Amino acid sequence: MGNERLRAVMASGGWTHAALATATGVDPKSVERWVNLGRTPRRATALRAAETLGEDVHALWPALRQARAARAVSPELVALYDQRADLPVSVFVDLLATARERIDVLVYAAVFLHEAYPRMNDLLRERAADGCAVRIAVGDADSENVQHRGQEERFGHGIESRCRLALMHYRPLLDVPGIELRTHGTTLYNSLYRADDQALVNAHVWGVNAYGAPVWHLRRNGNGGMFDTYADSFSAVWETARPVEG
């Protein structure tokens, strides 16, 4: 059975088999098979042909609508943890300690860092002293999104108190060169802990406290991957955040 849609589009545009073959870099017999036998060209060739004809590629070759097979594992995924509570705080500390150029932390509170590792501020000072740019964004306790998160997690005003506590923990770093502290009122879909080209991403699940939600460890593998998606998200939130006054 031939490809009648392709035949009609070519006829309306005055395209011969030979002309379309030249325009797409294939043999005229290939075009003939597309039209008369209903053969489907390779995706790249089909895209060139559709662009030449000014037609949607999927309208000409519906078979190309089939989804590509999903990768079983992303090359950027180092590890996946069922919940944050499964990770000792040393995993977070060790990751941040490896940073040489950048540390980004995006949370609502995450006071577990200071509670379990009292030297957290010392670590950040040391990294900044070595030339590492440190950016920390904690939740604005007065924002609607923080308050809604407390209701969703059945934590009530506790989350607001923990945001204030987190800010208190970080305040001694306000005058440290290389360290910036801001508050944000965005909806927090994930807490992010980045050190150069690695990041720990703590997902947030409606009605579940962050310690009971999954964490994935990412390592950048080229540009435009999962890591960059989260890095860009941090940058977008950072632009909306307000600097903390000394």
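Calculation notes
- Residues numbered from 1 in each chain as written.
- Predicted model: local features only at pLDDT ≥ 70, side-chain atom pairs only at ≥ 80, totals over all residues.
- Heavy atoms only, no water.
- Helix = DSSP H or I, 4+ residues; strand = E, 2+ residues; numbered from the N terminus.
- Buried < 20%, exposed > 50% of the residue type's maximum accessible area, 1.4 Å probe, protein only.
- Contact = heavy atoms within 4.5 Å.
- Areas by Shrake-Rupley, 256 points an atom, 1.4 Å probe, with all protein chains shown as cover.
- Lys, Arg positive; Asp, Glu negative; His and termini not counted.
- Charge placed at Lys NZ, Arg CZ, Asp CG, Glu CD.
- Arc of directions from axis to C-beta.
- 1 Å grid on protein atoms, 1.4 Å probe; cavity = no way out; pocket = protein on both sides within 12 Å on 5 of 7 lines; lining within 4 Å.
- Points joined across faces, edges and corners; volume = space filled by probe spheres on them.
- Nonpolar A, V, L, I, M, F, W, Y, C, P; charged D, E, K, R; others polar.
- Axes fitted to C-alpha atoms, helices over the stretch in contact; angles between N-to-C directions.
- Parallel < 35°, antiparallel > 145°, perpendicular 65-115°, else oblique.
- Phe/Tyr/Trp six-rings, centres within 6.5 Å; stacked < 30°, edge-to-face > 60°.
- Lys NZ or Arg CZ within 6 Å of the ring centre and 35° of its normal.

(A) Representation of the overall build of the protein chain. Along its length, the protein chain carries 11 helices and eight strands. When the backbone C-alpha atoms are referred to their principal axes, the protein chain occupies close to 75 × 40 × 35 Å. When each of the 246 residues of the protein chain is scored for burial, the buried share is 43%. Counting only contacts in the protein chain whose residues sit at least 6 apart along the sequence, the fraction spanning at least 24 positions is 68%. For the protein chain, the exposed area adds up to about 13200 Å²; of that, 50% sits on carbon and sulfur atoms. On the protein chain, the mean spot of the 28 positive side-chain charges and the mean spot of the 30 negative ones are 7 Å from each other.

(B) Structural detail: unusual backbone geometry. Of note, the phi angle at Ala110 is positive, near 50°, even though the residue is not glycine. Checked against the element boundaries, Ala110 lands in the loop between strand E2 (102-106) and helix H7 (112-116). Taking the relative accessible area as the measure of exposure, Ala110 reaches 13% and is therefore buried. For Asp196, which is not glycine, the phi dihedral falls at a positive 55°.

(C) Seen up close, helix H6 (residues 89-97). Here H6 has its buried residues at Phe92, Val93, Leu95 and Leu96. Relative to the axis of H6, the buried residues are bounded by an arc of 160° and lie together on one face. Along its buried surface, H6 packs onto E2, H7, helix H8 (120-129), strand E5 (190-195), strand E6 (198-203) and strand E7 (215-219).

(D) The layout of surface pockets, seen in detail. Taken as a whole, the second largest pocket spans an internal volume of roughly 160 Å³. Lining of the second largest pocket is provided by 14 residues; of these, Arg149, Glu152, Thr187, Leu188 and Trp206 occupy positions nearest its centre. In terms of residue class, the lining of the second largest pocket is built from six nonpolar, five polar and three charged.

(E) The arrangement of the packing of helix H1 (residues 4-13) against helix H3 (residues 28-36) in detail. Remark: H1 packs on H3, axes separated minimally by 7 Å, with the N-to-C direction vectors making an angle of 120°. Relative to H3, the element H1 is oriented oblique. Where H1 approaches H3, its residues Leu6, Arg7 and Met10 are matched on the opposing element by Val31, Trp34, Val35 and Asn36. Considering only residue class, the contact of H1 with H3 consists of five nonpolar, one polar and one charged.

(F) Here's a closer look at the packing of aromatic side chains. Enumeration over the complete set of coordinates arrives at five aromatic pairs. Here the aromatic rings of Phe92 and Phe112 are separated by 5.2 Å at their centres, their planes lie at 70°, and the arrangement is edge-to-face. With Phe92 in helix H6 and Phe112 in helix H7, this residue pair connects regions lying 20 residues apart in the sequence. The pair formed by Phe92 and Phe112 is uniform in burial state, with each residue classed as buried. Taken together, the ring pairs in this structure connect Phe92, Phe112 and Tyr193 into an aromatic cluster. In this structure, Arg84 is placed above the aromatic ring of Phe112, and the distance from its NZ or CZ to the ring centre is 3.9 Å.

(G) Examining empty space enclosed by the protein more closely. Applying the stated criterion to the full structure yields one cavity of 30 Å³ or more. Counted as a void, the largest cavity has a volume near 60 Å³. Around the largest cavity sit Asp104, Leu192, Arg194, Ala199, Phe227, Tyr230, Ala231 and Phe234, which together line it. Those elements that place two or more of their residues in the lining of the largest cavity are E5 and helix H11 (226-240). Looking at which element gives the most residues to the lining of the largest cavity, the answer is H11, with four residues. Looking at the lining of the largest cavity residue by residue, the classes come out as six nonpolar, no polar and two charged.

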